[in-house]
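In case you want the letters, here they are:
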Amino acid sequence: MIMETRSSVPINNEWDIVQARQLGRQISREMGFGHVDQARITTAISELARNIYLYANNGEITIEPIVNLGKKGLKITSRDKGPGIKDIRLVMQDGYTTSGGLGAGLPGVKRLMDIFKIDSTLEKGTNIVAIKWLR
Amino acid sequence: MDYTIKLSQYERMLAQYIEQRDERALYKGQKFSRKMLEQHVSPEDVVSMHIEVVKRIIPHVDQKVMDSLEFLLEVMIGYGFAYREHQSLRTRQEQLDAEIDIAANIQKSLVEGEIPSGHGVDIGVISKPAKKMSGDYYHFVQDDHSISVAIADVVGKGIPAAMCMSMIKYAMDSLPDYRKQPGDVLSSLNHVVEQNIDPSMFITMFYGVYHADENIFSFASAGHEPGFFYNHKYDRFEELVAKGSVLGLRRHSNYTEYRLDIEPGDMIILLSDGVTECRTEKGFLERGEIADIIRSEMHSPAQRIVDQVYYNLEMLQDFVLRDDFTLIVLKF
Ligand SMILES: Nc1ncnc2c1ncn2[C@@H]1O[C@H](COP(=O)(O)OP(=O)(O)OP(=O)(O)O)[C@@H](O)[C@H]1O
Ligand SMILES: [Mg+2]
């Protein structure tokens, strides 16, 4: 079995985003994801880490291989104790962005991954879990 | 199309191009990209396919070139993001369009009422929205002694204007008995509008009543585009001028009631500013030109007159309607 340990990257500054990307790329490659999926997973991690950096200042990205009913997948968890998101439905809408980005952001991450769960409480923080299955 | 089929098709095309470098292969490439778009294949998948095919058909590619293609793949992920968002926004747009179509139908059924045909008056009406929904409104009521007519124009277009219009419709329906005094009708509507509508929205309205027994047309206007009175005796068009401020500007507004003696052969023409603000190559249409078009059709039935004026103005504007358009003709 490939590495069952999970790895975390604390996000405190912009360079930590690169650290998180690197970890995601490495694990997804080891798990046998193709180039395109590797790039997608890395981009998803990048977006989540960037949101921590921009809106919560500090947080953590955890990346781990998982197995569910014989299906292998890669699970990304983004956790922070930042300000939280007031209207989740609004930010999950396409076309909504504060940075003027192009279709990226959370709806983009949701589409890149197979499973996307978000939980956020004002003034408590934000938790996001995203999974990509290995085909 | 299955991935492996796509892959081998792409391989053949690319091989042909590398071999012959001819336009035919490029044309095939263009057709291929259309097909990929139809099947919602995103840009990074195309690049990935390209990389795979290059590895297969060009032996010993410089590793640096391969690395650069990997880099391109990474860059294309962002375009894939944008592409997928575009897809989903398009779906949402379609849903919105469908909703607006329904709303427009509801609105149409609100406005469309019976057009009176009694008291020897021949009435023609045409009302066309610039977009799907209209901010123009008209309304007729006929009883044993009179026909009343209202025409209103919400400043603005589209959905907000249409919503205001629905409110006017409701207010008109619940008007008390003095619906035969145009000045009072407008004061009362002014009050409703002032209290219920966003301060940035205004409504202009013309309200008139034809008293069939006395052959008198009484009317008042709340800042509405003046209509025309065709005086049959002198064979001339006169401006139907009436003073009064637009609805919703002040809490209390008074509206003067004007009166006209009507004789057989006379006509009253009411319009919204979408008619007079028709822009042609030469600039805004002169009101006189509209009167001229009406004159040339004057002996036709009222409905044909309005249809003809509309068609003529449409043509003058190259069939682009910039504002909601409503035109009413009453022939006595
Ligand atoms: N971890 C977080 N903590 C608090 N607020 C967040 C967090 N993540 C996202 N948000 C809020 O949700 C909004 C949407 O985020 P999203 O990543 O979708 O778009 P964006 O960051 O505004 O623009 P971009 O397209 O550049 O990513 C953000 O503007 C921010 O207000
Ligand atoms: Mg973001």
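Above this text sits the structure in question.
Remember, it's a predicted structure, so these values are computed and weren't measured experimentally.

Conventions and cut-offs
- Residues numbered from 1 in each chain as written.
- Chains lettered and ligands numbered in written order.
- Predicted model: local features only at pLDDT ≥ 70, side-chain atom pairs only at ≥ 80, totals over all residues.
- Heavy atoms only, no water.
- Helix = DSSP H or I, 4+ residues; strand = E, 2+ residues; numbered from the N terminus.
- Contact = heavy atoms within 4.5 Å.
- Areas by Shrake-Rupley, 256 points an atom, 1.4 Å probe, with all protein chains shown as cover.
- Core = buried A, V, L, I, M, F, W, Y, C linked by side-chain atoms within 4.5 Å.
- Buried < 20%, exposed > 50% of the residue type's maximum accessible area, 1.4 Å probe, protein only.
- Salt bridge = Lys/Arg side-chain N within 4 Å of Asp/Glu carboxyl O.
- Phe/Tyr/Trp six-rings, centres within 6.5 Å; stacked < 30°, edge-to-face > 60°.
- Lys NZ or Arg CZ within 6 Å of the ring centre and 35° of its normal.
- Buried area = accessible area lost by both parts, 1.4 Å probe.
- Pairing = 2+ DSSP bridges.
- Arc of directions from axis to C-beta.

## Focus: the overall build of chain A
Point 1. Each helix and strand counted, chain A has 4 helices and 5 strands in total.
Point 2. Going from N to C terminus, chain A has its helices and strands arranged as β-α-α-β-β-α-α-β-β.
Point 3. The long-range share in chain A, meaning contacts at least 24 apart out of those at least 6 apart in sequence, stands at 61%.
Point 4. For chain A, the accessible area works out to roughly 7,200 Å², and carbon and sulfur atoms hold 50% of it.

## Some points on the nonpolar core
Point 1. In this structure, M172(B), M205(B), F217(B), L247(B), I268(B), L270(B) and I328(B) are the most contacted members of the largest nonpolar core, which totals 49 residues.
Point 2. Apart from the residues lying within four places of it in its own chain, the contact partners of L270(B) are V149(B), I151(B), F206(B), L240(B), T326(B), L327(B), I328(B) and L330(B).
Point 3. Counting 26 residues, the second-largest nonpolar core is a separate cluster that includes A44(A), A49(A), L74(A) and M113(A).

## Describing the pattern of salt bridges
Point 1. A complete count under the given rule lists 18 salt bridges over all chains for this structure.
Point 2. For the salt bridge of R21(A) with E74(B), the shortest nitrogen-to-oxygen distance reads 3.0 Å. Separated into two different chains, R21(A) in helix α1 (residues 14–31) and E74(B) in helix α4 (residues 63–111) make up a pair that spans both.
Point 3. A salt bridge links R84(B) to E44(B); the shortest N-O distance between them is 2.7 Å. Of this pair, R84(B) sits in helix α4 while E44(B) sits in helix α3 (residues 43–57); the two residues are 40 residues apart in sequence, bridging distant segments of the chain.
Point 4. Overall, R84(B) belongs to the buried group, its relative accessible area being 16%.

## What about the packing of aromatic side chains?
Point 1. Counted according to the given criterion, the structure contains 10 aromatic pairs over all chains.
Point 2. A connected cluster of aromatic rings, assembled from ring pairs, spans F206(B), F217(B), F219(B) and Y258(B).
Point 3. The residue whose ring lies beneath K71(A) is W133(A), and the NZ or CZ to ring-centre distance is 4.5 Å.

## Describing the interface of chain B and chain A
By convention, interface size is frequently given as the accessible area that disappears when the constituent parts associate.
Point 1. On the side of chain A, 19 residues touch chain B, which itself brings 15 residues to the contact.
Point 2. The junction of chain B with chain A conceals about 1,400 Å² of combined surface from both sides, 56% of it contributed by carbon and sulfur atoms.
Point 3. Sorting the residues of chain B by area buried against chain A places E74(B), F81(B) and E85(B) first, and these three jointly supply 42% of that buried surface.
Point 4. Run the count over chain B and chain A and you get 4 salt bridges.
Point 5. Salt-bridge contacts for R40(A) lead to E44(B); the nearest nitrogen and oxygen are separated by 3.0 Å.

## Here we look at the pairing of strand β3 (residues 71–80) of chain A
Residue and element names in this part refer to chain A.
Point 1. Relative to β3, strand β2 (residues 59–68) is paired through 10 bridges, and the arrangement is antiparallel. Bridge pairing in β3 places I63 opposite I76.
Point 2. The antiparallel pairing of β2 with β3 creates a hairpin that spans 2 residues between the two strands, and L69 there sits at a positive phi of about 50 degrees.
Point 3. When β3 meets strand β5 (residues 125–133), the two strands line up antiparallel, connected through 8 bridges. Counted as the bridge partner of S78 is I128 from β5.

## Some points on the environment of D143(B)
Residues and elements named next belong to chain B.
Point 1. Within the secondary structure, D143 is located in the loop between β2 (136–142) and β3 (146–154).
Point 2. In this structure D143 comes out as partly exposed when scored by relative accessible area, which is 31%.
Point 3. Remark: the alpha-carbon pair of D143 and P116, spanning 27 residues in sequence, is separated by 9.3 Å.
Point 4. Each residue touching D143, except ones within four places of it in the same chain, is listed here: H119 and K180.

## Looking at helix α8 (residues 287–297) of chain B
Residue and element names in this part refer to chain B.
Point 1. Among all positions in α8, only R287, I290, A291, I293, I294 and E297 are buried. Taken end-on, α8 shows its buried residues confined to a sector of 160 degrees, consistent with a single buried face. Along α8, the residues that are exposed and aim more than 90 degrees away from the buried face are D292 and S296.
Point 2. Contacts from the buried residues of α8 go to β6 (227–231), β7 (236–240), β9 (267–271), α7 (273–276) and α9 (302–316).

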